[in-house]
Amino acid sequence: MLCLLIGITLISLCIGENGIDISYLRSIADSSYDETQHLIITQLRLPRTLLALSVGGLLGFSGIVLQTLFRNPLVEPYTLGISGGSLLGVALCISLELTQVFGVFSTMLFAIIGAITTVFIVLSTISRHKSDTYSMLLTGIMISISSGAFTTLLISISTREQMTCIISWSIGSLESTMPWQSIAGCIITTLLFIVSPLLGNTMNGLLLGRNMAHFLGINVRVAIPFLFVISSIATAFCVSIVGMIAFIGMIVPHIIRTTIGSDQRIALPAGIMTGALVLLSCDIIARHIIYPRELPVGVVTGIIGGVIFIWINHKQRHSA
């Protein structure tokens, strides 16, 4: 997987309108480079590639955590309403022009607020229904639908410029990437990659069910909200930076289960790497499938993920 990541990263850096030979990357390190190509790589392609790797890794991590908590292969941040809540927060920030008040980090702040609000609403079913995962899932789906409706309302009453901005955020794109976003994403993803094996035993216990996890000494009432909040904040960061990218969190856990297995000590870090690989591959497709124009990467992940979603659902019904 590491070899695949290195290979797809080199492809992302080298192909484009101005093709760059792989051997030329070495000359950049040696400071014997062409200034134009240096700017293309360091200012355009490298930040975008790093952001795709980090966002894909975070969405892969969130998908594995949520599917473990709910023990349902169709659960992911998009279907659970976390992405929708984050997008609603961003839409509110844009439509109310709060960027003038809170500055450059305003969209990130309101995306996290939207995600945390969704988490609190979903987690409220724990005390009322003794952590019935079906009730939590149903609540998440309703929040997703309601958030989409409110976002559409904000689009309808916004100015043309605000409308364009909100719509582009709802599709998901890596086109406008800032270096600080790539750096922040890499730092967060690296930290999660290091910590993720430590969460493996707790996740393995939760896979066996609440009662068995309790007998194994896991504090379920703390573990479930903690993991839920961590995955939600990771999702909110992704939405605040690149918009709502669907189905990565559903595709990655399925790939991990069929190739590596269910041991979460291995599945979590492998899921981060797989998510990075999947999103960067989709971004390369988005950049070149209708060249010289470019598709938003959310369109590519939506089409591929939608097909896989239908296939998994069809497979579940026939195996039941």
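Residues numbered from 1 in each chain as written. Predicted model: local features only at pLDDT ≥ 70, side-chain atom pairs only at ≥ 80, totals over all residues. Heavy atoms only, no water.

> Give a description of a nonpolar patch on the surface that names residues and reports values.
Nonpolar side chains collect at one region of the surface, where Ile285, Ile289, Ile290, Ile303, Ile304 and Val307 lie side by side and expose about 520 Å² of accessible area between them. Broken down by element, the residue count for the nonpolar patch peaks at three residues, all from helix H15 (residues 297-319). With respect to the helices and strands, the residue Ile303 is situated in helix H15. (Patch = residues over 30% accessible without salt bridge, like charges linked within 9 Å, V, L, I, M, F, W, Y side chains within 5 Å. Areas by Shrake-Rupley, 256 points an atom, 1.4 Å probe, with all protein chains shown as cover. Salt bridge = Lys/Arg side-chain N within 4 Å of Asp/Glu carboxyl O. Helix = DSSP H or I, 4+ residues; strand = E, 2+ residues; numbered from the N terminus.)

> Lay out the nonpolar core in plain terms, naming residues and giving numbers.
If you look at the biggest cluster of nonpolar residues, it comprises 62 residues, and the most contacted ones within it are Leu69, Phe70, Leu80 and Phe228. Sort the elements by how many residues they give to this core and helix H14 (residues 264-288) lands first, with 13 residues. (Core = buried A, V, L, I, M, F, W, Y, C linked by side-chain atoms within 4.5 Å. Buried < 20%, exposed > 50% of the residue type's maximum accessible area, 1.4 Å probe, protein only.)

> Give me the lowdown on helix H13 (residues 248-259), citing residues and values where you can.
Compared with an ideal rise of 1.5 Å per residue, which puts 12 residues at 16 Å, H13 spans 17 Å between its outermost C-alpha atoms and is within 8% of the ideal. Of all the residues in H13, the buried ones are Ile248, Gly249, Met250, Ile251, Val252, Pro253, His254 and Ile256. (Expected span 1.5 Å × (residues − 1).)

> Any details on the packing of aromatic side chains? Residues and values, ideally.
Applying the stated criterion across every chain yields a total of one aromatic pair. Arranged with centres 6.2 Å apart and planes meeting at 85°, the rings of Phe70 and Phe228 form a pair that is edge-to-face. Of this pair, Phe70 sits in helix H3 (residues 35-70) while Phe228 sits in helix H12 (residues 220-242), and the two are 158 residues apart along the sequence. Like Phe228, Phe70 is buried. (Phe/Tyr/Trp six-rings, centres within 6.5 Å; stacked < 30°, edge-to-face > 60°.)

> Give a description of the side chain of Thr9 that names residues and reports values.
Mapped onto the elements of the fold, Thr9 is located in helix H1 (residues 2-14). You can call Thr9 buried: its relative accessible area is 17%. Beyond its immediate sequence surroundings of up to four residues, Thr9 is in contact with Thr49, Leu53 and Leu280. (Contact = heavy atoms within 4.5 Å.)

> Residues and numbers for the confidence of the model for the protein chain, please.
Considering every residue of the protein chain, the mean pLDDT works out to 83; 89% of them sit at 70 or more. When the elements of the protein chain are averaged for pLDDT, helix H2 (residues 24-29) gives the smallest value, 59, and H14 the largest, 92. (pLDDT = per-residue confidence, 0-100.)

> Residues and numbers for the packing of H1 against H14, please.
Two numbers describe how H1 lies on H14: the axes approach to 10 Å, and their chain directions differ by 25°. Taken as axis vectors, H1 and H14 run roughly parallel relative to one another. Taken as a pair, H1 and H14 cross one another with a handedness that is left-handed. Residue-level inspection shows Leu2, Leu4, Leu5, Ile8, Thr9, Ile11 and Ser12 of H1 in contact with H14, the latter providing Met273, Ala276, Leu277, Leu280, Ser281, Ile284 and Arg287. Taken together, the residues that form the contact of H1 with H14 break down as 10 nonpolar, three polar and one charged. (Axes fitted to C-alpha atoms, helices over the stretch in contact; angles between N-to-C directions. Parallel < 35°, antiparallel > 145°, perpendicular 65-115°, else oblique. Left-handed = near helix turned anticlockwise from the far one by under 90°. Nonpolar A, V, L, I, M, F, W, Y, C, P; charged D, E, K, R; others polar.)

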